[in-house]
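If you want the building blocks of each chain, they are given just below.
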Amino acid sequence: DAKTTQPPSMDCAEGRAANLPCNHSTISGNEYVYWYRQIHSQGPQYIIHGLKNNETNEMASLIITEDRKSSTLILPHATLRDTAVYYCIVSYPSNTGKLIFGQGTTLQVKP
Amino acid sequence: NAGVTQTPKFQVLKTGQSMTLQCAQDMNHEYMSWYRQDPGMGLRLIHYSVGAGITDQGEVPNGYNVSRSTTEDFPLRLLSAAPSQTSVYFCASSYSRGWDGYTFGSGTRLTVV
C-alpha cells in the first residue's frame, strides 16, 4: 500500500471550510484514497473515499489531483464537533481490512 | 442493528494473565479486523479476517491470537498479557471488501500491570 503524508495539526475557524491535505505520491493505479476521523478516542469514523474523480457526500468533499499524487478533504462549514484526528489512507479495496493508519492530522476547530 | 459491539469496555490484567476481547457485528459483514492504538499514535493492525474460518496477520500480531468460527464474531485472545499490550483495542468490520469503508466499535481500554 502507498504511504501518505499529512500535516500533524491544523486550525480552522468555526463556520469556515476546513481543507485537509494529504500527499500520496507513490499511489498505484487501482488504489483508492480513504478518509477517516477519530473524535476524542472514540472508534474511527469513515468519511469518504475516491479513486480519481472528486467525490462529495453529506459529510465532506474529496478532491483528488489529476496525477492522483495528492488529495484534499474539505469540510465545507466546520463546527466544533469536527475537532478530531483525520486520517488519510491509501489502499486497495480488496485489501480486506488492511487499513494502515498513520499519524493523521489533528484538526482543531476554534470558535 | 447494533453495529460493532466490543466487550468489555475496560479491563485491567496482571502480567501473565490471559483474556479474550470480544467483538460482534450484526451487519452480516464478511471482513473484520483488530487494531490497537497507543497514546498519541495512529491505529496499528493486529489481525484481520476475510470470512468465517479465514484469518491473517497484520502489522503487530505477536502476542495475540484470533479465530473466526462465525460471520458475526471475531474474538481477540491475549495469550500471556504484558505491560506492552496496554492499549486501546478497536474492532472493525466491512461488508463489501472495504469499498464503502469500515465500521468501528467503541473500543476496549486494556491496562496490564
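For the structure itself, consult the block above.
**So, the overall build of chain A**
Link 1 in the chain: Within chain A, the regular secondary structure consists of zero helices and nine strands.
Link 2 in the chain: When the helices and strands of chain A are read in sequence order from the N terminus, they spell out β-β-β-β-β-β-β-β-β.
Link 3 in the chain: For chain A, the spread of C-alpha atoms along the three principal axes comes to 40 × 30 × 25 Å.
Link 4 in the chain: Looking at the 111 residues of chain A, the share that counts as buried comes to 45%.
Link 5 in the chain: Partitioning the contacts of chain A with sequence separation of at least 6, the portion at a separation of at least 24 is 57%.
Link 6 in the chain: Accessible surface for chain A amounts to roughly 5500 Å². Of this, 48% is attributable to carbon and sulfur atoms.
Link 7 in the chain: Between the mean site of the 9 positive side-chain charges and the mean site of the 9 negative ones, chain A shows a separation of 4 Å.

**Structural notes on the overall build of chain B**
Link 1 in the chain: Looking only at helices and strands, one finds zero helices and 11 strands in chain B.
Link 2 in the chain: Put simply, chain B runs from its N terminus to its C terminus through helices and strands in the order β-β-β-β-β-β-β-β-β-β-β.
Link 3 in the chain: In terms of overall size, chain B behaves like a compact globule, its C-alpha atoms giving a radius of gyration of 13 Å where 113 residues would be expected to give roughly 13 Å.
Link 4 in the chain: With the principal axes as the frame, chain B shows a C-alpha extent of 40 × 30 × 25 Å.
Link 5 in the chain: Buried residues in chain B amount to 47% of all 113 residues.
Link 6 in the chain: As presented, chain B carries roughly 5100 Å² of accessible surface, and 51% of it is formed by carbon and sulfur atoms.
Link 7 in the chain: Put simply, chain B has 8 plus and 8 minus side-chain charges, and the middle of one group is 10 Å from the middle of the other.

**A look at the sheet that holds strand β8 (residues 84-91) of chain A**
Residues and elements named next belong to chain A.
Link 1 in the chain: A sheet is described by the order of its strands in space; here five strands give the open sequence β1-β9-β8-β3-β4, paired in mixed fashion. The sheet terminates laterally at β1 (9-13) and β4 (45-50), the two strands that pair on one side only. Averaged over all pairs of adjacent strands, the angle between their axes in this sheet comes to 25 degrees, without regard to strand direction.
Link 2 in the chain: The pairing of strand β3 (residues 32-38) with β8 spans seven bridges and is antiparallel.

**Considerations on the packing of aromatic side chains**
The relative placement of two aromatic rings is captured by the distance of their centres and the angle of their planes.
Link 1 in the chain: Under the counting rule described, the total for this entry stands at nine aromatic pairs over all chains.
Link 2 in the chain: A centroid spacing of 6.0 Å and a plane angle of 85 degrees characterise the contact between Y36 of chain A and F104 of chain B, whose relative ring orientation is edge-to-face. Residue Y36 of chain A is located in strand β3, and its partner F104 of chain B is located in strand β10 (residues 103-104); the two belong to separate chains.
Link 3 in the chain: What makes Y36 of chain A buried here is its relative accessible area of 0%.
Link 4 in the chain: Measuring from centroid to centroid gives 5.6 Å for Y35 of chain B and F104 of chain B, while their planes differ by 45 degrees, and the two rings are tilted.

**Here we look at the sheet that holds strand β8 (residues 76-78) of chain B**
All names here are of chain B.
Link 1 in the chain: The antiparallel open sheet is built from four strands, whose spatial order is β1-β3-β8-β7. Of all the strands in the sheet, just β1 (4-7) and β7 (64-66) have a single pairing partner and so form its edges. Taking the axes of each pair of neighbouring strands and ignoring which way they run, one obtains an average angle of 20 degrees across the sheet.

**Considering unusual backbone geometry**
Link 1 in the chain: Following T7 of chain B, the chain continues to P8 of chain B via a peptide bond in cis, the omega torsion being -5 degrees.
Link 2 in the chain: One can find P8 of chain B in the loop between β1 and β2 (10-13).
Link 3 in the chain: Its identity is not glycine, yet R68 of chain A carries a phi of approximately 65 degrees, on the positive side.
Link 4 in the chain: Within the fold, R68 of chain A resides in the loop between β6 (61-64) and β7 (70-75).

**Thoughts on the pairing of strand β5 (residues 43-51) of chain B**
Residues and elements named next belong to chain B.
Link 1 in the chain: Of all nine residues in β5, seven are buried; the element is thus mostly enclosed.
Link 2 in the chain: The sheet contact formed by strand β4 (residues 31-37) and β5 spans six bridges and is antiparallel. Considered in β5, the bridge of Y35 is made with L45.
Link 3 in the chain: The antiparallel pairing of β4 with β5 creates a hairpin that spans five residues between the two strands, and G40 there sits at a positive phi of about 75 degrees.
Link 4 in the chain: Looking at chain direction, β5 and strand β6 (residues 54-57) are connected through four bridges and run antiparallel. In the sheet register, H47 faces β6, and the bridge partner there is Q57.
Link 5 in the chain: Counted between consecutive antiparallel strands, the loop separating β5 from β6 contains two residues, among which G53 sits at a positive phi close to 85 degrees.

Rules used throughout
Going along each chain's sequence as written, the residues are numbered from 1 onward. Following the order in which they are written, the chains are lettered starting with A and the ligands numbered starting with 1. For a predicted model such as this one, the threshold for reporting local features is a pLDDT of at least 70, and the threshold for listing and counting side-chain atom pairs is 80 or more; totals across whole chains, interfaces and linings nevertheless cover every residue. Each side-chain value is derived from all of the structure's non-hydrogen atoms; neither hydrogens nor water enter the calculation. Each helix is a run of H or I in the DSSP string that is no shorter than four residues. Each strand is a run of E no shorter than two, and both are numbered from the N terminus. Burial classes follow relative accessibility: with a 1.4 Å probe on protein chains only, a residue under 20% of its type's maximum area counts as buried, one over 50% as exposed, and anything between as partly exposed. Between two residues, a contact is recorded if the distance between any of their heavy atoms is within 4.5 Å. Accessible surface is estimated by sampling points in the Shrake-Rupley manner with a 1.4 Å probe; for residues, cover comes only from the protein chains shown. Counted charges follow a simple rule, with Lys and Arg positive, Asp and Glu negative, and His plus the chain ends left uncounted. Throughout, a charge is located at the NZ atom of Lys, the CZ atom of Arg, the CG atom of Asp or the CD atom of Glu. As defined in this context, the radius of gyration uses C-alpha atoms, and a globule is described by 2.2 Å times the residue total to the power 0.38. In this scheme, strands are said to pair when DSSP sees at least two bridges between them. All axes are obtained by fitting lines to C-alpha atoms, using only the stretch in contact for helices, and the reported angles, taken between N-to-C directions, cover 0 to 180 degrees. Pairing of aromatic side chains requires ring centres within 6.5 Å, counting the rings of Phe and Tyr and the six-membered ring of Trp. Pairs whose planes differ by under 30 degrees are stacked, by over 60 edge-to-face, and all others tilted.

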